[in-house]
Amino acid sequence: MSLADGENPGEPGAPGVPGDPGDGRGPGAVPEGGRGDAGGRPGGEGEPRRGRPRSEGVERAVFDAVIGLLEGGMPLGDVSIERIARTAGVGKATIYRRWSGKEDLLVELIRSVEPPDPELPGTSVRDDLVMLLEFMRRRGLAKRTSALLRNMFAQMQAHPRLWDQYHRTAIEPRRRRGIEVLERGVATGEVRADLDLELVNDLFVGPLLLRTVLQPDADLSPDFPARVADTILDGVRPRD
């Protein structure tokens, strides 16, 4: 079954992996209370998301199952909830209690491996922009060093439902955050009020995207975010 086909989770008590009793957990199943170190999930301990029942052991097993399938050469489109459940030793119902489907699960896995979104200092528009650009720099470096991220991003745009989910839950909120910083700059007099802020935001993020996507071997030195911010702010500050 391809990623775009989707799967129907059925009712909460729907059977899981064929042949498993109860919710589908087999002999090697991970119990609801988890297995192993609760801090073993990619990205460390996380905040509960959207009210799902949490078990770090189960999530770790599920994420490890996906990683193992991909590292074993399985195309992203062939990764199904049933395959993940069988590999992780949990039932399909267990997975559906935590994620609405494959897209939701895979996006959360990606975001658990990416650097966390930053807390903005709020001291000035420049400081906030540098912080946002530094996040993009770190994310670009993570993609360079993580075979998992390179593999998933190389394939995910061929799967519209997955790409749309990632775009809505990760890319768009980050884009809105950048525009909100610029709007605050207009209010404080740090950015001219006659500018198209969406275009200005594109000017800020463009150099980072160029060096992380189109030129993956280009320089991403620690001072690059500040150099980008200072160069563009020099052109968008109010004129005397």
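Owing to the predicted nature of the structure, the values given are computational and were not obtained by experimental measurement.

Draft legend 1. Inspection of the overall build of the protein at higher detail. Of the regular secondary structure elements, the protein holds 9 helices and 0 strands. Listing each helix as α and each strand as β along the protein from the N terminus yields α-α-α-α-α-α-α-α-α. Residue pairs at least 24 apart in sequence account for 66% of intrachain contacts in the protein once pairs closer than 6 positions are excluded. On the protein, roughly 12,100 Å² of surface is accessible, and the fraction owed to carbon and sulfur atoms is 52%.

Draft legend 2. Here's a closer look at the packing of helix α5 (residues 125-145) against helix α9 (residues 224-236). The N-to-C vectors of α5 and α9 enclose an angle of 135°; their axes lie 8 Å apart at closest approach. By the angle class used here, α5 and α9 are oblique. In the packing of α5 onto α9, the handedness of the crossing is right-handed. Between α5 and α9, the contacting residues are Val-125, Arg-126, Leu-129, Val-130, Leu-133, Glu-134 and Arg-137 on the first element and Pro-225, Ala-226, Val-228, Ala-229, Asp-230 and Leu-233 on the second.

Draft legend 3. Seen up close, a nonpolar patch on the surface. Residues Leu-209, Leu-210, Val-213 and Leu-214 make up a contiguous nonpolar surface patch of roughly 360 Å² in combined accessible area. Among the secondary structure elements, Val-213 is positioned in helix α8 (residues 197-214).

Draft legend 4. Expanded view of the nonpolar core. With 34 residues, the main nonpolar core has Val-62, Ile-84, Ile-95, Leu-105 and Met-152 as its most contacted residues. At 9 residues, helix α1 (residues 56-71) tops the list of elements feeding residues into this core. Contact partners of Leu-105, with chain neighbours within four places excluded, come to Val-62, Phe-63, Val-66, Ile-81, Ile-84, Ile-95 and Trp-99. Counting residues in each nonpolar core, the second largest holds 22 residues, with Leu-132, Phe-135, Val-181 and Phe-224 among its members.

Draft legend 5. Expanded view of the layout of surface pockets. For the largest pocket, the calculated volume is near 850 Å³. What lines the largest pocket is a set of 34 residues, among which Met-136, Arg-139, Ile-171, Leu-209 and Val-213 lie closest to the centre. Examining the composition of the lining of the largest pocket, we find that 10 residues originate from one element, helix α7 (residues 160-188), more than from any other. Partitioning the lining of the largest pocket into residue classes produces 18 nonpolar, 6 polar and 10 charged.

Criteria and thresholds
- Counting of residues starts from 1 at the beginning of each chain's written sequence and follows it residue by residue.
- The model is predicted, so local features are restricted to residues of pLDDT at least 70 and side-chain atom pairs to those at 80 or more, both for listing and for counting; the totals for chains, interfaces and linings are taken over all residues.
- Note: side-chain values were computed over all heavy atoms of the structure, leaving out hydrogens and water.
- Under the DSSP-based scheme used, a helix requires at least four consecutive residues in state H or I and a strand at least two consecutive residues in state E, with every element numbered from the N terminus.
- Note on contacts: a residue pair qualifies if any of its non-hydrogen atoms lie within 4.5 Å across the two residues.
- The accessible surface values rely on the Shrake-Rupley method and a 1.4 Å probe; as for residues, cover is taken only from the protein chains in view.
- Only the contacting stretch of a helix is used when fitting its axis, a line to C-alpha atoms as for every element, and angles between N-to-C directions run 0 to 180 degrees.
- Orientation categories follow fixed angle ranges, with anything under 35 degrees roughly parallel, anything over 145 roughly antiparallel, 65 to 115 roughly perpendicular, and all other angles oblique.
- For any pair of crossing helices, the crossing counts as left-handed if the nearer helix is rotated counterclockwise from the farther one by less than a right angle, and right-handed if it is rotated clockwise.
- In this analysis, a patch consists of residues with relative accessible area above 30% that form no salt bridge, clustered at 9 Å for like charges and at 5 Å for the nonpolar side chains Val, Leu, Ile, Met, Phe, Trp and Tyr.
- Whenever Lys or Arg places a side-chain nitrogen within 4 Å of a carboxyl oxygen from Asp or Glu, that contact is recorded as a salt bridge.
- For our purposes a nonpolar core is just a set of buried Ala, Val, Leu, Ile, Met, Phe, Trp, Tyr and Cys residues, chained together by side-chain atoms within 4.5 Å.
- Note on exposure labels: buried denotes an accessible area under 20% of the residue type's maximum, exposed denotes more than 50%, and partly exposed covers the range between, all computed with a 1.4 Å probe on protein chains only.
- The rule is simple: put a 1 Å grid over the protein atoms alone, call a set of points where a 1.4 Å probe fits but cannot get out a cavity, call an open set with protein on both sides within 12 Å along at least five of seven lines a pocket, and count a residue as lining if it has an atom within 4 Å of a point.
- Grid points are joined across faces, edges and corners, and a volume is the space filled by probe spheres set on the points.
- The classification used treats Ala, Val, Leu, Ile, Met, Phe, Trp, Tyr, Cys and Pro as nonpolar, Asp, Glu, Lys and Arg as charged, and all other residues, Gly among them, as polar.

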